[in-house]
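# Tertiary structure, described
Spelled out from the first residue to the last, the chains are:
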Amino acid sequence: MSTLNDFAITERWPATDPSKIQLYSFPTPNGVKASIALEEMGLHYEAHLVTLSDMDVKSEEFLSLNPNNKIPAIIDPRGPDGTPIGLFESGAILLYLAEKTGKFVGSSTTEKAKITQWVMFQMGGLGPMFGQLGFFYKFAGSQIEDPRPRDRYIGEAKRLLAVVDKQLEGQDWIAGEYSIADIAIAPWLRTLDFYGAREVLEWDSYKNANVYLERFLERPAVQKGLVTPPRP
């Protein structure tokens, strides 16, 4: 039977308590999905800071758990068959933890399907498109003189915000009740402020999304998850 010590990543980031879920992350929009979910679900875990530097995410130890060299990743010492399981990809982690606890994933097959579709919406649309917006609006891509890449992602970000805003009409949360879909989506809405892109996206015009994000950020588990693991 395998144990936590069988995972090479624990050589670089050793577990203090091997009975707890081990989280390897950094507080980015994707990283905080895992920490917020763990806090919301009341799971016992240890958070290990994995910086975005090549020294960490491209280290042999981290790649042994996530060959795609991206945070977050987890090891659950009590996996579905009683043995440890390692997982990467924030959406997969959300779905796994929700299934494990039976929390924030709906109480029927229909509700679960609806929640899952909005998690996939974030994974396939909101996250990648907002990430490209950040690159071309704030980071290295902003130095490119050709305006077409920047304009493309501004336009796509506006379109996606309109989808979110419309979905929130008449309800507090994206799929009805609070769920992992909100844990996936809201951190990416929050990052628009970090990108300095709210004005260019006309953020204030998305009234439902505005109060939705405020509502999300008021949750104590969210506040804790947003700073876990703490930055150096």
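Everything discussed here concerns the structure shown above.
What you see as residue numbers is a count from 1 along each chain, following the sequence as written. Given that this is a predicted model, residues contribute local features only at a pLDDT of at least 70 and side-chain atom pairs are listed and counted only at 80 or more, while totals for whole chains, interfaces and linings are drawn from all residues. Processing note: side-chain calculations cover all non-hydrogen atoms of the structure and skip hydrogens and water entirely.

Let us look at the pairing of strand β2 (residues 45–49). Judged from the 5 bridges that link them, strand β1 (residues 21–25) and β2 form a sheet pairing that is parallel. Of the residues in β2, the one forming a bridge with Ser-25 is Leu-49. For crossovers, right-handed means that the path from the first strand over the helix to the second runs clockwise, given strands pointing away from the viewer. The way it works is that DSSP assigns letters per residue, a run of H or I at least four long becomes a helix, a run of E at least two long becomes a strand, and they are numbered from the N terminus. Handedness of the crossover is the feature at issue here: the chain leaves β1, passes through helix α2 (residues 31–40), returns alongside β2, and the resulting connection is right-handed. At least two DSSP bridges between two strands are needed for those strands to be called paired.

Summarising the element assignment, Gln-117 is placed in helix α6 (residues 109–137). A 1.4 Å probe rolled over the protein chains alone gives each residue an accessible area, and that area as a share of the maximum for its type sets the label: buried under 20%, exposed over 50%, partly exposed in between. Given a relative accessible area of 42%, Gln-117 falls into the partly exposed group. On a C-alpha basis, the gap between Gln-117 and Ala-175 in space is 9.3 Å, while along the polypeptide they are 58 residues apart.

We now examine the environment of Pro-128. Within the fold, Pro-128 resides in helix α6. Spatially, the C-alpha atoms of Pro-128 and Val-200 are 18 Å apart, while their sequence positions differ by 72 residues. Two residues form a contact once any of their heavy atoms are found within 4.5 Å. Setting aside its immediate chain neighbours within four residues, Pro-128 contacts Gln-122 and Met-123.

So, about helix α9 (residues 207–217). Considered for burial, the residues of α9 that qualify are Asn-208, Ala-209, Asn-210, Tyr-212, Leu-213 and Phe-216. Tucked into the core, α9 has its buried residues touching α2, α7 (148–167), α8 (180–194) and α10 (220–225).

Time to look at the packing of aromatic side chains. Between 30 and 60 degrees the pair is tilted, below 30 it is stacked and above 60 it is edge-to-face, where a pair is any two Phe, Tyr or Trp rings, Trp via its six-membered ring, whose centres lie within 6.5 Å. Applying the stated criterion across every chain yields a total of 12 aromatic pairs. Taken together, a centroid distance of 5.8 Å and an interplanar angle of 70° make the contact between Trp-173 and Tyr-212 edge-to-face. With Trp-173 in the loop between α7 and α8 and Tyr-212 in helix α9, this residue pair connects regions lying 39 residues apart in the sequence. Exposure remark for Trp-173: the relative accessible area of 10% places this residue in the buried category. Here the aromatic residues Phe-104, Trp-173, Tyr-178, Tyr-212 and Phe-216 are joined through ring pairs into a cluster of three or more. Stacked on the ring of Phe-194, the Lys or Arg Lys-138 has its end atom at 3.7 Å from the ring centre. Any Lys NZ or Arg CZ found within 6 Å of a ring centre and within 35 degrees of that ring's normal is scored as a charge over the ring.

The next subject is the layout of surface pockets. Roughly 1100 Å³ of internal volume is contained in the largest pocket. Sorting the residues of the lining of the largest pocket by element identifies α2, α6 and α8 as the ones contributing at least two each. No other element matches the 8 residues that α6 contributes to the lining of the largest pocket. Here the nonpolar group is Ala, Val, Leu, Ile, Met, Phe, Trp, Tyr, Cys and Pro; Asp, Glu, Lys and Arg are the charged ones; every other residue, Gly included, is treated as polar. Among the residues forming the lining of the largest pocket, the class breakdown is 20 nonpolar, 12 polar and 6 charged. Both cavities and pockets are sets of points on a 1 Å grid over the protein atoms alone; in a cavity a 1.4 Å probe fits but cannot get out, in a pocket the set is open with protein on both sides within 12 Å along at least five of seven lines, and lining residues sit with an atom within 4 Å of a point. Grid points are joined across faces, edges and corners, and a volume is the space filled by probe spheres set on the points.

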